[in-house]
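Take a look at the letters that make up each chain.
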Amino acid sequence: MSPELSQKLAAAVDGMPAFPKSVQAILDLTRDVNCTPRELVHVIDKDPVLTVKILKVVNSAYYSLPKQITSINHAVVFLGFNTIKNLTLGIAAIGMLPRSNAAGFDVQQYLLHSLATASIAKELCGKVDGADPMDCFIAGLLHDFGKVVFAQFMPTEFKRALDASERDGSSLHETLRQTIGVDHTVVGGMLVEKWRFAPHLVETIQNMHGPQVKDTPMIACVFGANQVSKKLEFGFGGNRLIEPLPPALARRLGGDLDHVIAELDDLQALFEEAQVFSRLDA
């Protein structure tokens, strides 16, 4: 990467909004091994917008809880400390999506693809030893966020890459490398580092495409989910090319992509849940 490109990407990442103060406080709290659920509830309760969104998600079909949850304290009891933490971060990320951009990138379809990928990645955790369901959900949700940075701050180059990918059926990450010099995983990794996400989540986002795909439980789940989402056309993230599972990831997932799809439960229901979730940022 040239110094000029590196500087341009850094400026684009700096131009993205920071997380709300309440979310930064949650990040700080959860780094403290002595943090208690009560402290987490106290922070969330001070942010009425975040509270409403969390309760809407918790009471959606996605979680199918036996009774309605009416307080953050009860949400923590039902779903657990880590789930509420990750849910908070996910809602914050969704809330940062721009409504429009000069590249003409369809943000609503992108969000549906990301949410479907997140839901499928969470589902795939049951097949992969060492994969955490909520970590995989958040990684799936954020795996393409670098595209949002390009759409906002490098729209001309990003549109050129989108058009080239659509025209010749090539992978978007390849046309981005040709057009910009790097693909969205690089700037996406920079962004989640700025947002102070855990290193293993940064690693997953940075290593989702091409020969550098790493063999980790989380990457297996998110990579596989991304291809399933594309194959079944659950939303659209700007890249129609469906990549086969690398041999190491196929071993973790128990077979090739068709086998993975056949082994999953009702995927249409997962996509419908993603559609519900996609409207919760309003």
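Residues numbered from 1 in each chain as written. Predicted model: local features only at pLDDT ≥ 70, side-chain atom pairs only at ≥ 80, totals over all residues. Heavy atoms only, no water.

Peer 1: Go over the overall build of the protein, please, and point to the residues and values.
Peer 2: Helices and strands together make up the secondary structure of the protein, namely 17 helices and zero strands. Against the globule reference of 19 Å for 282 residues, the protein gives a C-alpha radius of gyration of 18 Å, in line with a compact fold. Once the C-alpha set of the protein is aligned to its principal axes, its extents read approximately 50 × 45 × 30 Å. Across the 282 residues of the protein, 55% fall into the buried class. Taking the intrachain contacts of the protein between residues at least 6 apart in sequence as the baseline, contacts between residues at least 24 apart amount to 69%. Entry remark: accessible area of the protein is about 12,300 Å², with carbon and sulfur atoms responsible for 52%. Between the centroid of the 26 positive side chains of the protein and the centroid of its 32 negative side chains there is a distance of 5 Å. (Helix = DSSP H or I, 4+ residues; strand = E, 2+ residues; numbered from the N terminus. Rg over C-alpha atoms; globule rule 2.2 N^0.38 Å. Buried < 20%, exposed > 50% of the residue type's maximum accessible area, 1.4 Å probe, protein only. Contact = heavy atoms within 4.5 Å. Areas by Shrake-Rupley, 256 points an atom, 1.4 Å probe, with all protein chains shown as cover. Lys, Arg positive; Asp, Glu negative; His and termini not counted. Charge placed at Lys NZ, Arg CZ, Asp CG, Glu CD.)

Peer 1: Please give an account of unusual backbone geometry that cites residues and values.
Peer 2: Phi is positive for Glu 233, close to 55°, though the residue is something other than glycine. Among the structural elements, Glu 233 can be located in the loop between α14 (217-231) and α15 (247-253). With relative accessibility at 61%, the residue Glu 233 sits in the exposed group.

Peer 1: Any chance you could break down the packing of helix α3 (residues 37-45) against helix α6 (residues 81-95) for me, citing the residues and the numbers?
Peer 2: Contact geometry for α3 and α6: axes closest at 10 Å, N-to-C directions at 25°. Taken together, the axes of α3 and α6 are roughly parallel relative to one another. The interaxial crossing formed by α3 with α6 has left-handed handedness. Along the contact surface, α3 presents Pro 37, Leu 40 and Ile 44, while α6 presents Phe 81, Ile 84 and Thr 88. The residue makeup of the contact of α3 with α6, split by class, is five nonpolar, one polar and no charged. (Axes fitted to C-alpha atoms, helices over the stretch in contact; angles between N-to-C directions. Parallel < 35°, antiparallel > 145°, perpendicular 65-115°, else oblique. Left-handed = near helix turned anticlockwise from the far one by under 90°. Nonpolar A, V, L, I, M, F, W, Y, C, P; charged D, E, K, R; others polar.)

Peer 1: Explain the nonpolar core to me, using residue names and the numbers behind them.
Peer 2: If you look at the biggest cluster of nonpolar residues, it comprises 102 residues, and the most contacted ones within it are Leu 142, Phe 145 and Trp 195. For this core, the element with the most residues is helix α7 (residues 107-124), which contributes ten residues. Residues in contact with Leu 142, not counting those within four places in the same chain, are Ala 93, Val 192, Trp 195, Phe 197, Leu 201 and Ile 205. (Core = buried A, V, L, I, M, F, W, Y, C linked by side-chain atoms within 4.5 Å.)

Peer 1: Would you mind going over the pattern of salt bridges in detail, with residue names and values included?
Peer 2: Taken as a whole, this structure holds ten salt bridges when the rule is applied. The salt bridge involving Lys 8 is made with Glu 157; its shortest N-O contact spans 3.1 Å. Of the two residues, Lys 8 is situated in helix α1 (residues 3-15) and Glu 157 in helix α10 (residues 155-168); the sequence distance between them amounts to 149 residues. Several salt bridges converge on common partners, so that one network encompasses Glu 174, Arg 177 and Asp 183. (Salt bridge = Lys/Arg side-chain N within 4 Å of Asp/Glu carboxyl O.)

Peer 1: Now, about the environment of Val 222: what can you tell me, with residues and values included?
Peer 2: Relative to the elements of secondary structure, Val 222 occurs in helix α14. Owing to a relative accessible area of 0%, Val 222 belongs among the buried residues under this scheme. C-alpha of Val 222 to C-alpha of Met 134: the two residues are 88 residues apart in sequence and 12 Å apart in space. Residues within four places of Val 222 in sequence aside, it is in contact with Thr 117, Ala 121, Cys 136, Ala 139, Gly 140, His 143, Thr 204 and Met 208.

Peer 1: I'd love a proper account of α3, names of residues and values included.
Peer 2: Every buried residue of α3 is listed here: Leu 40, Val 41, Val 43 and Ile 44. One side of α3 carries all its buried residues, which in axial view fall inside an arc of 160°. (Arc of directions from axis to C-beta.)

Peer 1: Could you give me a rundown of the packing of aromatic side chains, with the residues and numbers involved?
Peer 2: One pass over the structure, following the stated rule, counts five aromatic pairs. Ring geometry for Phe 105 versus Phe 158: centroids 5.2 Å apart, planes at 80°, classification edge-to-face. One end of the pair, Phe 105, is in the loop between α6 and α7; the other, Phe 158, is in helix α10, with 53 residues separating them in the sequence. The class for Phe 105 is buried, based on a relative accessible area of 8%. Ring-pair connections join several aromatic residues into one group, and the members of that group are Phe 105, Tyr 110, Phe 150 and Phe 158. (Phe/Tyr/Trp six-rings, centres within 6.5 Å; stacked < 30°, edge-to-face > 60°.)

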